[in-house]
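An overview of the molecular structure
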Amino acid sequence: MSQKQFVQVNDCRSTQHSLERGVPQGSVLGLLLYLLYTSPIADTIKLHKLHHYLYADDTQLYISLKLTVATIFHWLSIVLNTV
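As the structure is a computational prediction, the values presented were derived from the model and not from experiment.

Parameters and conventions
Residues numbered from 1 in each chain as written. Predicted model: local features only at pLDDT ≥ 70, side-chain atom pairs only at ≥ 80, totals over all residues. Heavy atoms only, no water. Helix = DSSP H or I, 4+ residues; strand = E, 2+ residues; numbered from the N terminus. Buried < 20%, exposed > 50% of the residue type's maximum accessible area, 1.4 Å probe, protein only. Contact = heavy atoms within 4.5 Å. Areas by Shrake-Rupley, 256 points an atom, 1.4 Å probe, with all protein chains shown as cover. Lys, Arg positive; Asp, Glu negative; His and termini not counted. Charge placed at Lys NZ, Arg CZ, Asp CG, Glu CD. Phe/Tyr/Trp six-rings, centres within 6.5 Å; stacked < 30°, edge-to-face > 60°. Lys NZ or Arg CZ within 6 Å of the ring centre and 35° of its normal. Expected span 1.5 Å × (residues − 1). Arc of directions from axis to C-beta. Patch = residues over 30% accessible without salt bridge, like charges linked within 9 Å, V, L, I, M, F, W, Y side chains within 5 Å. Salt bridge = Lys/Arg side-chain N within 4 Å of Asp/Glu carboxyl O.

**With respect to the overall build of the protein chain**
- For the protein chain, the helix and strand inventory stands at three helices and six strands.
- Ordered by position from the N terminus, the helices and strands of the protein chain form the series β-β-β-β-α-α-β-β-α.
- For the C-alpha atoms alone, the extent of the protein chain along its principal axes is close to 45 × 25 × 20 Å.
- Split into buried and exposed, the 83 residues of the protein chain put 12% on the buried side.
- Summarising the internal contacts of the protein chain: among those between residues at least 6 apart in sequence, 27% fall at separations of at least 24.
- Entry remark: accessible area of the protein chain is about 7200 Å², with carbon and sulfur atoms responsible for 57%.
- Taking the average place of the 6 positive charges on the side chains of the protein chain and the average place of its 5 negative ones, the gap between the two points comes to 6 Å.

**A short note on the packing of aromatic side chains**
- Per the counting criterion, the structure on display carries zero aromatic pairs.
- The ring of F6 has R13 sitting right over it, with the charged end atom 3.6 Å from the ring centre.

**Focus on helix α3 (residues 69-82)**
- Between its first and last C-alpha atoms α3 spans 20 Å; for 14 residues at 1.5 Å apiece the expected length is 20 Å, and the two agree.
- All buried positions along α3 are accounted for by I72, F73, L76 and V79. When α3 is viewed along its axis, its buried side chains cluster within an angular range of 120° and face the same direction. Away from its buried face by more than 90 degrees, α3 exposes A70, H74 and N81.

**Side note on a nonpolar patch on the surface**
- Taken together, the side chains of V23, L29, L32, L33 and L36 present a nonpolar region at the surface, about 450 Å² in accessible area.
- Inspection of the secondary structure puts L32 in helix α1 (residues 30-38).

The following block contains the structure:
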């Protein structure tokens, strides 16, 4: 796979990481596997009391904090490690 992911907050962007697993686009099982894989994410987000918006293959988190960008990245990494 040649897919990569990163996190961006304002002008600060994390390093890119290659995705090692996934379902090829257009796969017959793609939608079912996607739903099974992503359905718990809303529960995890709510567990950490975050506001979010899920649409298709996009997940947006809305966070209003008076912290540095580095602290926000650290906090988000803790949340993402829960997944």
